[in-house]
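Coordinate analysis (summary)
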Amino acid sequence: MKPIEHIYPQLENCAGIVIVPHQKPDADAMGASLALFHMLKKQGHSPTVVSPTNWASWLNWMPGIKEVLDYEKEKDKVKADNQIADASLIFCLDYNVLHRTKKMEQALSMAKGLKVLIDHHEYNESSDFAFGISDPERSSTCELVYEFFCGWKKEQDVDADIAQCIYAGLVGDTGSFRFPSTSARVHEIVAALKKKGLNHSYVHEQLYDNFLENRLRFIGHVLLNRMEVFYEYNTVLIAIPKSDLYKYEIKTGDTEGLVNYPLSIQGIKLAALVIDREEERKWSFRSKGDFDCNRFARKYFEGGGHFNAAGGRSSDTLSQTVQQFKKAMAENKDLLQ
Ligand code: 5GP
Ligand code: MN
């Protein structure tokens, strides 16, 4: 993978650009995609953003979101497949392995266009990307997209719309500027975005004060009835059966952030959340301090991510995967002390 700077000359005259975030894009993946979308348009390109799946409704305020194609919708898929086949550049944002695009993986692997990676997950060497930046030290893909604009000498073209998109990713992936990844540079970028017209309280409200009553009742139910605390391992586990998702009419995005609640308990080092989804059991892990969630997710649950935040999956039943988690927790007792 060549350094991302090598792509700037190609951006002067290239035909067909597609931007692809990871499946179930969060504020960082969608914010980064739309920020890049707006910037490329300003430079005379006609890019297309293709999301591998649907996304949470609390992202629908983002400027440009109405133009994003949803690969799970048959009509959008046909359009997207044509665009991907014809694209000379495909930007892959906020993931570093193509299987995180689920059903798009095949179309992306076969595409003849050059793939450009912008990502901040722990990197596992992949030959899929011709150019890119992969920096796990950075808070978010939005931070890297902003740096990409600076390197391209397009800072002056960052407007209020782009600023809102970038800020959404920064605020989302830093847990509102509290995770260790929140560097001085992150705050400098926020200051620069403010000068471009960013309305930060508007973005915050859209992301965090934009749910329906059922979601809050669901959280109450889960914390009361589905949370197990293992003080000898400084670990909390939340396991959510399908019946809860149906009963509370839980939609994409409603469970985001839930895994962070247990970390507010004094002394807890690891919070684990597993949700019984249709196709798989989906794990989320969050840690405080020196427990490596990325390693844990990779080793036990076919996953990955960052040091303090990672995800994984299992094809087993909910109770089987919960048993596996308990075994893994016991194996990691020394690291959890
Ligand atoms: P979340 O728990 O919010 O779904 O994910 C936490 C972090 O881990 C995110 O940065 C996400 O991109 C990453 N992640 C989540 N699930 C997986 C997975 O199955 N595989 C890999 N490699 N990363 C994941
Ligand atoms: Mn991210």
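Scroll up to find the structure this text is about.
None of the values given here were measured: they were computed from a predicted structure.

On the basis of which strands lie adjacent, the open sheet formed by seven strands has the order β1-β7-β6-β5-β2-β3-β4 and parallel pairing. Strands at the two margins of the open sheet, each flanked by one partner only, are β1 (2–3) and β4 (69–70). As paired elements, strand β3 (residues 48–51) and β4 share two bridges and run parallel to each other. When the sheet's bridge partners are listed, S51 is paired in β4 with D70. Helix α4 (residues 141–151) rests against β5 (89–93), β6 (114–119) and β7 (131–134) of the sheet, and its axis sits at about 120 degrees to β6.

Tracing the chain through its elements places D28 in helix α1 (residues 27–42). Buried and without a salt bridge, D28 has R100 as its closest oppositely charged side chain, separated by 9.6 Å. Looking at D28, its side chain comes within polar contact range of the side chain of H120, at 3.4 Å. Within the local environment of D28, its side chain forms a polar contact with the backbone nitrogen of C142, the two atoms lying 2.9 Å apart.

Okay, helix α11 (residues 318–331) next. In a regular helix each residue adds 1.5 Å, so 14 residues correspond to 20 Å; α11 covers 20 Å between its end C-alpha atoms and thus fits that length. Inspection of α11 places L318, T321, V322, F325, A328 and M329 among the buried residues, and these make up the whole buried set. Around the axis of α11, the buried residues are gathered within 120 degrees of arc, so they sit on the same side. Along α11, exposed side chains directed more than 90 degrees from the buried face belong to S319 and K327.

One open sheet holds the six strands; their spatial order is β8-β9-β10-β11-β13-β12, and the pairing between them is mixed. If you trace the sheet from one side to the other, it starts and ends with β8 (227–230) and β12 (304–305), each paired once. Taken together, the two bridges between β12 and strand β13 (residues 309–314) define a ladder with antiparallel strand orientation. From the neighbouring strand, G304 faces β13, where its bridge partner is G311. Packed onto the sheet, helix α8 (residues 213–225) meets β8 and β9 (235–240) and runs at close to 125 degrees relative to β9.

With that out of the way, let us pick up the site of ligand 1. Surrounding ligand 1, one finds 13 residues, the nearest of these being R100, H121, K282, S284 and R286. The contact in question runs from an oxygen atom of ligand 1 to an N or O atom on the side chain of R100, over 2.8 Å. Separating a nitrogen atom of ligand 1 from a backbone N or O atom of G304 is a distance of 3.2 Å. Alone, ligand 1 offers 490 Å² of accessible surface; in the complex the protein occludes 80% of this. Of all the secondary-structure elements, those providing two or more residues to the shell around ligand 1 are β11 (281–287), β12 and β13. A per-element tally of the shell around ligand 1 places β13 first, with four residues.

Cut-offs used in this document
- Residue positions are given per chain, counting from 1 as you read along its sequence in written order.
- All chains are assigned letters beginning with A, and all ligands numbers beginning with 1, in the order in which they are written.
- The model is predicted, so local features are restricted to residues of pLDDT at least 70 and side-chain atom pairs to those at 80 or more, both for listing and for counting; the totals for chains, interfaces and linings are taken over all residues.
- The side-chain numbers reported here are obtained from all heavy atoms of the structure, hydrogens and water having been left aside.
- A pair of strands is labelled paired if DSSP reports no fewer than 2 bridges between them.
- Strands here mean DSSP runs of E at least two residues long; helices mean DSSP runs of H or I at least four residues long; both are numbered from the N terminus.
- Residue contacts follow a heavy-atom distance rule, with two residues in contact if any of their heavy atoms lie within 4.5 Å.
- Where helices are involved, their axes are fitted lines through C-alpha atoms of the stretch in contact, as for all axes, and angles between N-to-C directions lie from 0 to 180°.
- Buried means the residue's accessible area, taken with a 1.4 Å probe over protein chains only, is under 20% of the maximum for its type, while exposed means over 50%, and partly exposed covers the values in between.
- In this count, Lys and Arg are taken as positive residues and Asp and Glu as negative ones, while His and the chain termini are left out.
- In the sections that follow, a salt bridge refers to a side-chain nitrogen of Lys or Arg positioned within 4 Å of a carboxyl oxygen of Asp or Glu.
- The definition of a polar contact used here is a pair of N or O atoms within 3.5 Å, where within protein one atom must be able to donate a hydrogen and the other to accept one, and adjacent residues in sequence count solely through side-chain atom pairs.
- Helix span, expected: 1.5 Å multiplied by one less than the number of residues in the helix.
- Note: the arc covers the axis-to-C-beta directions of the helix.
- We call a residue near a molecule or strand when any one of its heavy atoms sits within 4 Å of it.
- Note on areas: Shrake-Rupley with a 1.4 Å probe; residue coverage comes only from the protein chains shown.

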